[in-house]
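# Remarks on the overall topology
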Amino acid sequence: DRRLAIRRDLSAAIQSGAIEMVYQPIFEVRTGELSGVEALARWTHPEYGPISPDEFITIAESSRAIVALGQHTLRLACTEAVDWMTARNETLRLNVNVSPMEIMGEDFIDSLLSILDETGFPANLLELEITERGILEDLDVSRARLKTIRESGVTVALDDFGTGFSSLALLHKFPFDSLKIDHSFVSRMTSERRSLDIVASTLLMAERLGLKTVAEGVEDQATLDCLAEIGCNMVQGYYLGRPAPTLLQTASGTPKTCQVA
Ligand code: C2E
Ligand code: CA
Ligand code: CA
């Protein structure tokens, strides 16, 4: 069946370079400038066509393939970002998603450091995105890992904020640098009062805690204007730029700079 076939073909796809990265721009709300990009994995299966990363990452997590996949995506994103920066003589912040299963692995830090070293991507321009779900799996190990990651200069974002327990204890005990507010709240902000209130309170809390905020899933101007008004730091979404296959395309043929009315 499909799941078995995907699992079977995954390792070969990683090795042959069939898993590629696309990049979605993240903009600074106040200045409208490009702040960085989020790298997202893509795989077109020879038989099934494009498979969503949600699907193949879940399957990879159920086997050891997730470690190889994580190393592949991080290495590829760093390599392409270095090429971009060299060609344009500019710096660019890079966000890469990491699976909880990867972070928990014993050699995660070694692997991270060696990829940074090997690709020459500056640690202080890299941000790893991790979901709450992952952290809750093993609090002690997660805390140790996050601390070591941050000591290397790499920053950490809490992804999909608002969808899990959104535990204040987690925000209290874990050293995050930014919060990514889940698209499910962002997309409803202008039509539903409760979503707006949740986003606005999250921003206030994040500010008090010294965390940067990124709103995901911005799909129209009204949402962008509203986010600017309530003080969100950064925005990401189809309205501002879809994930695109090359970094150069993402930033030079910028679909829209973030223009707040
Ligand atoms: P995510 O980290 O929350 O990534 C954002 C997802 O929202 C992406 O879907 C992106 O294409 C989509 N998106 C962006 N703007 C909009 C918008 O305005 N509206 C809507 N409706 N969606 C928008 P994608 O690329 O299918 O990725 C799905 C999930 O797969 C990601 O969610 C992330 O959890 C995971 N993922 C993707 N690439 C990787 C990877 O390299 N490693 C790991 N561990 N996970 C990854
Ligand atoms: Ca993410
Ligand atoms: Ca997210």
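Attention in this report is confined to the structure presented alongside it. The model shown is predicted, which means the values in this text are computed figures rather than measured ones. (Residues numbered from 1 in each chain as written. Chains lettered and ligands numbered in written order. Predicted model: local features only at pLDDT ≥ 70, side-chain atom pairs only at ≥ 80, totals over all residues. Heavy atoms only, no water.)

## Regarding the site of ligand 1
Every one of the 22 residues lining ligand 1 counts as a neighbour, but Gln-24, Ala-41, Arg-42, Glu-219 and Tyr-238 are closest to it. Measuring from a nitrogen atom of ligand 1, one finds a side-chain N or O atom of Gln-24 at 3.0 Å. In this structure, Asp-159 approaches ligand 1 through a side-chain N or O atom, which is 3.1 Å from an oxygen atom. Elements that contribute at least two residues to the shell around ligand 1 include exactly β1 (19–28), β2 (34–45), α2 (53–61) and β6 (155–161). Among the elements that make up the shell around ligand 1, the one with the highest residue count is β2 (4 residues). For the shell around ligand 1, the class distribution of residues is 9 nonpolar, 6 polar and 7 charged. (Near = heavy atom within 4 Å. Polar contact = N/O pair within 3.5 Å; in protein donor to acceptor, adjacent residues only side chain to side chain. Helix = DSSP H or I, 4+ residues; strand = E, 2+ residues; numbered from the N terminus. Nonpolar A, V, L, I, M, F, W, Y, C, P; charged D, E, K, R; others polar.)

## A closer look at the coordination of the calcium ion (ligand 2)
Six octahedrally arranged donors around a metal ideally form angles of 90 or 180 degrees; four tetrahedrally arranged donors ideally form angles of 109.5 degrees. Protein coordination at the calcium ion (ligand 2) comes from Glu-38 (OE), Asn-97 (OD1), Glu-129 (OE) and Asp-159 (OD), with a distance range of 2.1 to 2.4 Å. Taken in chain order, the donor set of the calcium ion (ligand 2) reads E-x58-N-x31-E-x29-D. The metal-metal distance between the calcium ion (ligand 2) and the calcium ion (ligand 3) comes to 3.9 Å, with Asp-159 coordinating both. Taken as a pair, Glu-38 in strand β2 and Glu-129 in strand β5 (residues 126–131) lie far apart in primary sequence, 91 residues in all. (Donors = N, O, S within 2.8 Å, 3.2 Å for Na, K, Ca; no water.)

Everything listed here is a matter of geometry and, on its own, says nothing about what the molecule does.
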